[in-house]
Each structure stands twice: as C-alpha cells, then as structure tokens.
Amino acid sequence: MKETLKKIKAVALKEYRHIMRDKFTLAMGFGLPLLLIIFFGFIIELNYNKIPIFVKDDSRSAQSRAFVQKLSAGDLFIPVYVSGDDPVKYFERNETAVIINIDRDFGKSVSYPEYGKQAQIQIMLDASDPSKAGLVLSYIPSIISNSYQADQKYEIKTRYLFNGELNSKYLIIPGLIVVIIGLISILLSSLAIAKEWEKGSMELLLSTGISPAEIILGKIFPYMLMSLIGTVVVFAAAKIIFAVPFTGSFIFFFISCCVFITASLGLGIFISVIAKQQLLAMLIAMPVGLLPSMLLSGFIFPIENMPLFFRGLTAILPQRWFMEICRGTFLRSAGFTDLMIPFLALSAFCVFIIVIASKQFKTDLEP
C-alpha cells in the first residue's frame, strides 16, 4: 500500500509540474470558469420584464385609463397606446407580443352595471413564443379580476418559498456551477493520458512498474485540485456578483463537489484513454461535457417533462444528480438526508467510471 501511494504521488507530482508550465491549462482551469459564469450568468434570463403591450382604447374613459395604469404598475408590462383598424400588422412587424382592445362601452359598463352590458376587453397574443404568451395570459386576467370583481366571496393569499423574489438567477447560477465545473473537469483530464501517448512517454512511464490504475489516480489528483479552486472561484462569483443565497451545508456541498469533480475527471480520463490523441480527445470531451449538462440535467428543461427514454438516460449522468444537489443546497437548505439518493447515484457513477477507465487502459496495453 505504501509503495502504491508513493507511485501515485510521483505521477501526481509529474502532472503538477506539467500543469505549472502549461499556460493554456492554467488559463482553462482558473480563468475560464470565472469567464463562463459571468458571461452565461448575465446572458441567460428566464424572467420576462418590460413587455410592450399595445393598447387600442376605444372607450377613452377614466375607467379604461385606470385599467391601463394598473398594467404599468410593475416592471412586467409597458403599455403603448395605438390606433387603427388592423392591429395584426403590429404582430407581423414583430413590434409587440400583446395587443389589448378595450370596448367602446367599457367605461359605461364598469360604472353602471345596470346598463346591462358586460365590460369587454379583448386580449390578442402572438403565440409564436408560447412561454411569453402563457405568462401574459396568466397576469392580465388576474389584473382585470382584481380590479373589477367587487363581490368576491373569498380571498387567495400566495406565499413563495425559497425564492420569494421569483428571481431566475437563483435557479440559473447554481445550475451553471454544474455545467461549468463539469465541462472544465472533463476537458482538463481528457488531455492527460492522450498527451502521454502522443509524446511517446507512456511506454516509458509504464516501464517504471506503475500500473494503469496508479497512473489514472496520479493524473486525477492535480486536476482535482485545479477544479476545486475553479469551484471556489465560481462559488464566489455566484455570491458576490449575482448575490445568490446559499442556505445549505457547506460541508455536504464541498463533499458533493469533490465526488462530482472526481466523476467528471474520471470521464475525461476515460475519453483520453480511448482517444489517445489530444485533438480528438478535446473534440469528444466538448459535447460529452456540455450537451448532457445543458439538455439532460434539468438545467433548463424539466426532466419530468421528457419522454420516458430520456428520463431513463438522465439517470446515468452525473450532471443530473449534482444538479439536484447544487440547487437543493443553495436554495432549499437540503442536506444529506434529503439528497441521499442523488449523492449515492453520483458516488456510484464516480466509482464505475474510474474502474471502467482502468480496465480499458489495461485492454489498450495488451498486445
């Protein structure tokens, strides 16, 4: 055991010295995570605000003006008065997604219910963006209802937990930690074994009596340290730049990060063992590290809404399980008891991928 640790330490020290001499690797490990979280953190926004609403007010009454004023009370809508008989032209020119037609008798119908005619407001929506159309359709009728139903028999109170501001950054930034750290870890380690084959130093390394498993573990440790430093950088950016709250256990989050990073590094090593060329390894590592994180981890698209096959596919991806851990610890104060299944699944993948990489390494060495 002591001899094995000595060999692993020697490989790790060799890789550490290589990293310190390689400016590209240093930039990728330390600078790229910060650059990516700042870039994507500001670019990705799931909240709609300042939506222009074109209002065709045929009533021109105090009541219709009061209704339009209620629309502009928050930051969600910006009412703009328009005129004309063909409002569809505004949709065709992509000037707005919503047009509201207020009936000529609106003011009289609101002020004098005995008039016998219901107050009419027509909402026209551009449904080419269903999410925006659904959001508008959920807000405007509630404004109308709250404004003009004086005979309500009940009161509804809404309480938002864990994200009272409904700030999409609180959802996006923890997810970006998973995407960025996973991608960087896979990219860094995917070059580790391939460069030894390209330089012809792998045979020399193996001639010293070091086993493939010892080489893999020795290669992982320096990159794990780099990835952990990158994680600290990204975590600090999430707190300082985007003010995302962290309500869970730092210890559990740190342990989970270590497991996820090891799993990602193991996956990168496996790619490196298969490819044996740095360029090919990087070309494989980029989609393997990025696409599952973006599409199949629950980062943007809910897993429960996916077809059955893809829901099953996400179960074998470490990004899916660490996404649950990351968001749970950041916002919901979740601990090991609450996130035991994701943690165990992540740990199982970590062990599995390192074993597979070691076995594949041995297979490649066979004549």
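Small disclaimer: the values here were computed from a predicted structure and weren't measured. (Residues numbered from 1 in each chain as written. Predicted model: local features only at pLDDT ≥ 70, side-chain atom pairs only at ≥ 80, totals over all residues. Heavy atoms only, no water.)

## Brief notes about the domain arrangement of the chain
Reasoning step 1: Taken domain by domain, the chain holds domain 1 (9-44 + 167-360) and domain 2 (51-148).
Reasoning step 2: Spacing between the C-alpha centres of domain 1 and domain 2 amounts to 49 Å. (Domains from an automatic or database assignment.)

## Comments concerning the side chain of K219
Reasoning step 1: Within the secondary structure, K219 is located in helix α10 (residues 212-240).
Reasoning step 2: For K219, the contacting residues outside a window of four places in its chain are V11, K14, E15, A192, I193, K195, E196 and I269. (Helix = DSSP H or I, 4+ residues; strand = E, 2+ residues; numbered from the N terminus. Contact = heavy atoms within 4.5 Å.)

## Some details on the packing of aromatic side chains
Reasoning step 1: Considering all chains together, one arrives at 17 aromatic pairs under this definition.
Reasoning step 2: With 5.4 Å between their ring centres and 75 degrees between their planes, F235 and F246 make a pair best called edge-to-face. With F235 in helix α10 and F246 in the loop between α10 and α11 (250-275), this residue pair connects regions lying 11 residues apart in the sequence.
Reasoning step 3: Taking the relative accessible area as the measure of exposure, F235 reaches 16% and is therefore buried.
Reasoning step 4: Relative to F253, the ring of F235 lies with its centre 5.8 Å away and its plane at 40 degrees, an arrangement referred to as tilted. In this pair, F235 is assigned in helix α10 and F253 in helix α11, connecting sequence segments 18 residues apart. No difference in accessibility class separates F235 from F253, as the two residues are buried.
Reasoning step 5: These aromatic residues form a ring-pair network of at least three members: F235, F246, F250, F253, F260, F322 and F330. (Phe/Tyr/Trp six-rings, centres within 6.5 Å; stacked < 30°, edge-to-face > 60°. Buried < 20%, exposed > 50% of the residue type's maximum accessible area, 1.4 Å probe, protein only.)

## Structural notes on unusual backbone geometry
Reasoning step 1: Phi at K276 is positive, roughly 65 degrees, even though this residue is not glycine.
Reasoning step 2: Phi at S333 is positive, roughly 55 degrees, even though this residue is not glycine.
Reasoning step 3: Structurally, S333 is set in the loop between α14 (318-331) and α15 (340-365).
Reasoning step 4: Relative accessible area serves as the criterion here: at 44%, S333 is assigned to the partly exposed category.

## A short note on the pattern of salt bridges
Reasoning step 1: Under the defined criterion, the tally for this structure stands at 4 salt bridges.
Reasoning step 2: Residue R320 pairs with E324 through a salt bridge whose shortest N-O separation is 3.0 Å. Taken together, the residues span about one helical turn, with R320 and E324 both in helix α14 at a distance of 4 residues.
Reasoning step 3: Accessibility expressed as a relative area gives 14% for R320, which makes it buried.
Reasoning step 4: For E324, a relative accessible area of 30% corresponds to the partly exposed category.
Reasoning step 5: Three or more residues joined by partner-sharing salt bridges are found here, namely E15, K195 and K219. (Salt bridge = Lys/Arg side-chain N within 4 Å of Asp/Glu carboxyl O.)

## Details of the sheet that holds strand β4 (residues 121-125)
Reasoning step 1: Strand order in the open sheet formed by 4 strands is β2-β1-β3-β4, with mixed pairing between adjacent strands. One side of each edge strand has no neighbouring strand; the edge strands of this open sheet are β2 (77-81) and β4. Each neighbouring strand pair of the sheet contributes to a mean axis angle of 25 degrees, computed without reference to strand direction.
Reasoning step 2: As judged from the 5 bridges shared by strand β3 (residues 98-102) and β4, these two strands associate in the antiparallel manner. Residue pairing across strands places I99 opposite M124, the latter belonging to β4. (Pairing = 2+ DSSP bridges. Axes fitted to C-alpha atoms, helices over the stretch in contact; angles between N-to-C directions.)

## Some thoughts on the packing of helix α7 (residues 169-190) against helix α12 (residues 278-295)
Reasoning step 1: Put simply, α7 and α12 touch, their axes get as near as 9 Å, and they point 165 degrees apart. Of the possible angle classes, the one that applies to α7 and α12 is roughly antiparallel. Read as a crossing pair, α7 and α12 show a hand that is right-handed. Packed against α7, whose contacting residues are V179, L183, I186, L187 and S190, the element α12 presents A281, M282, A285, M286, G289, L290, S293 and M294 at the interface.
Reasoning step 2: Grouping the constituent residues of the contact of α7 with α12 by class yields 10 nonpolar, 3 polar and no charged. (Parallel < 35°, antiparallel > 145°, perpendicular 65-115°, else oblique. Left-handed = near helix turned anticlockwise from the far one by under 90°. Nonpolar A, V, L, I, M, F, W, Y, C, P; charged D, E, K, R; others polar.)

## Some thoughts on the state of the cysteines
Reasoning step 1: Across all of its chains, the model carries 0 disulfides by this definition.
Reasoning step 2: Residue C257 stays outside any disulfide, its sulfur separated by 6.4 Å from that of C326, the closest cysteine. (Disulfide = S-S within 2.5 Å.)

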